[in-house]
Every structure is written in C-alpha cells, then in structure tokens.
Amino acid sequence: MARTIVITSGKGGVGKTTTAAAVGMGLALRGNRTVVIDFDVGLRNLDLIMGCERRVVYDFVNVINGEARLNQALIRDKRCEDLYILPASQTKEKEALTKEGVGQIIHELSEHYDYIVCDSPAGIEHGAYMAMYYADDAVVVTNPEVSSVRDSDRMLGILSSKSKRAENDEEPVREFLLLTRYNPARVEAGEMLSVGDVQEILALDLLGVIPESTAVLNASNSGIPVVLDQNSEAGQAYADVVGRYLGEDLPHRFLEVQKKGLFDRLFGG
C-alpha cells in the first residue's frame, strides 16, 4: 500500500508546488513508483512546474466525475519512468472534489504506487481539506516569517482533528517541517526568524531548510523540478529532504552565512 503525503501550508506563495514536484521527483529517482496529485482546482500549477502542461487532456475532476478513467488522466514524466502527475482542472469549482471521489482515487492509486504526493492549495478551503484528509504524512511548508508560521500552526490543528486518521482514532498523521526561502544573512540581521525560532513555535521534526535561491524560480520557469539541479544549493537541499524522509541521517546544510575565501575576497566573488 502506498504512503500518502500532503504538502500543505497555511499561507500561499511559500513553495508548496515547488516542494511537491521536487519531493515527487526525488522519491521516483530512488526507484519508488510515485504519483503527484494537484488539488488546486481552478489554478493548476503543478503541470507547469513539471513541464507537462501541453500533455494535459483529462484531469483529476474528470476522473471523479466518471468522464475519464484514471489511467487516461495520469501523465508519465519524460525524465523518470517511475513518476506520474495527475493534473487539476482549470475550469471546475473546488467543490467538484468530493470526499468519496478523492478516496476512491487514492485507494486505486495505492494499489500500484509506493508514494502519493498531494499538492494542496493554501489555507483551509475545500481543496486543502480534501488534500489532507487521506494523508499518512504531512509536510508543512513555511517561510521564516511570523505570519507564515502562525498560519502553519493553524493547519497543524486541522491535521490533528479533521483527517481521516483523526476521525477513525488511528495513529496520527506524521508531521514534518520544511522551511523555505531561508536566508542566513537576513537571520543574522534580525530580519527573519531563525530555524530555532520556527521550531520553538511549531514543535515539529525539521525535514529540511531550503535556502533562498534564484535556482527555484529558474527551474519553475523551465518546467524542471529544482531537485534535478544538483549544482544549486536549493536542489541539493531538496535531495537531502527526500533522503531524510526515507530515513537517512543527514546533517542540515545552508543554515549559516557562507564565509568568503581569500580568492573570493580578492576578486569580489
């Protein structure tokens, strides 16, 4: 049976879809059959970041409504044979996602995949609730700023009380913290919360810290999950995130201001 992971946050624009694409690709590159589902009905950004937007014929809502079979809507990634994408609808309302319909798709996918990654909309609207309801694990994505962290804390309350596991009095959803757009220089200047500050507020296991990087935007614009860019710190950080999720004991990197060497100081590097 598959493990279902929801990528969630309380605030928009923190990097959930970037994270869903990177985690999905990272898991698949390690030989795990993985599917990433876009729950953001009406916006549909996952297929853009994955570079498969021109191949979308049927979507998540088409399958729920019985207008297409699941295998007709799934898109296989061209770079990794173990990765599939289930795009969201751009034209339907979020209420088109029903608990029964989503549950049936999760059940069907779980028989053929190792991991199901659910890319959630921000906040507590209907699509976000549907994305987290069947989760086994939750990656809570937040920026190191007070409003983002506060909104993430609100999502933790919903995860612990309104998931299927909570309703059935089962083992709780495993919760992990992912800190994105982290800038150690701004932390030192007091302009940004530190990793310790965020952990103290949310009290979650730290899955990873993604440094602020132009590589993330460049990858998104190119339709390439940033985890494939192993020359960038962000790509390396996401690879570490996948490793830690799979149980590897990896040190956290990119938390300190990088000291310039003599060559850099002399030549302005």
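This text goes with the structure placed above it.
Anyway, here's the lowdown on the structure attached to this text. Being a predicted model, the structure only gives us computed values, none of them experimental.

A separate point is the nonpolar core. Within soluble globular proteins, side chains that are nonpolar tend to cluster in buried spots. Within the largest apolar cluster, 50 residues are counted, with the highest numbers of intra-cluster contacts made by F39, F60, L97, V102 and L109. Per element, the largest residue contribution to this core is five residues, and it comes from helix α7 (residues 146-162). In contact with L109, other than residues within four places in its own chain, are V35, I37, L70, L74 and I116. Counting 40 residues, the second-largest nonpolar core is a separate cluster that includes A21, V36, V56 and Y245.

Considering all chains together, one arrives at zero disulfides under this definition. Of all cysteine sulfurs, the one in C80 lies closest to C52, which takes part in no disulfide; the gap is 13 Å. Looking at C118, it has no disulfide partner, and the nearest cysteine sulfur is the one in C52, 16 Å off. Overall, the relative accessible area of 1% leaves C118 in the buried class.

Our next topic: α7. Taking 1.5 Å of rise per residue, the 17 residues of α7 would be expected to cover 24 Å, and the 25 Å separating its terminal C-alpha atoms lies within 8% of that figure. Every buried residue of α7 is listed here: S148, V149, S152, M155, L156, I158 and L159. With its buried residues spanning 165° around the axis, α7 presents them on a single face. Exposed and facing more than 90 degrees away from the buried side of α7 are V146, R150 and R154. The inward-facing, buried residues of α7 contact β1 (3-8), α6 (126-133), β6 (137-142), β7 (174-182) and α10 (195-202).

Taken across its five residues, strand β2 (residues 34-38) has five buried, putting it largely inside the fold. Side chains of β2 alternate between two faces, with T34, V36 and D38 and V35 and I37 buried alike. Where β2 lies against strand β4 (residues 83-86), four bridges are found, and the strand directions are parallel. For T34, the partnering residue across the bridge sits in β4 and is L83. Bridge count between β2 and strand β5 (residues 115-119): five bridges; the pairing is parallel. In the sheet register, T34 faces β5, and the bridge partner there is Y115.

Definitions and cut-offs
Residues numbered from 1 in each chain as written. Predicted model: local features only at pLDDT ≥ 70, side-chain atom pairs only at ≥ 80, totals over all residues. Heavy atoms only, no water. Core = buried A, V, L, I, M, F, W, Y, C linked by side-chain atoms within 4.5 Å. Buried < 20%, exposed > 50% of the residue type's maximum accessible area, 1.4 Å probe, protein only. Helix = DSSP H or I, 4+ residues; strand = E, 2+ residues; numbered from the N terminus. Contact = heavy atoms within 4.5 Å. Disulfide = S-S within 2.5 Å. Expected span 1.5 Å × (residues − 1). Arc of directions from axis to C-beta. Pairing = 2+ DSSP bridges.

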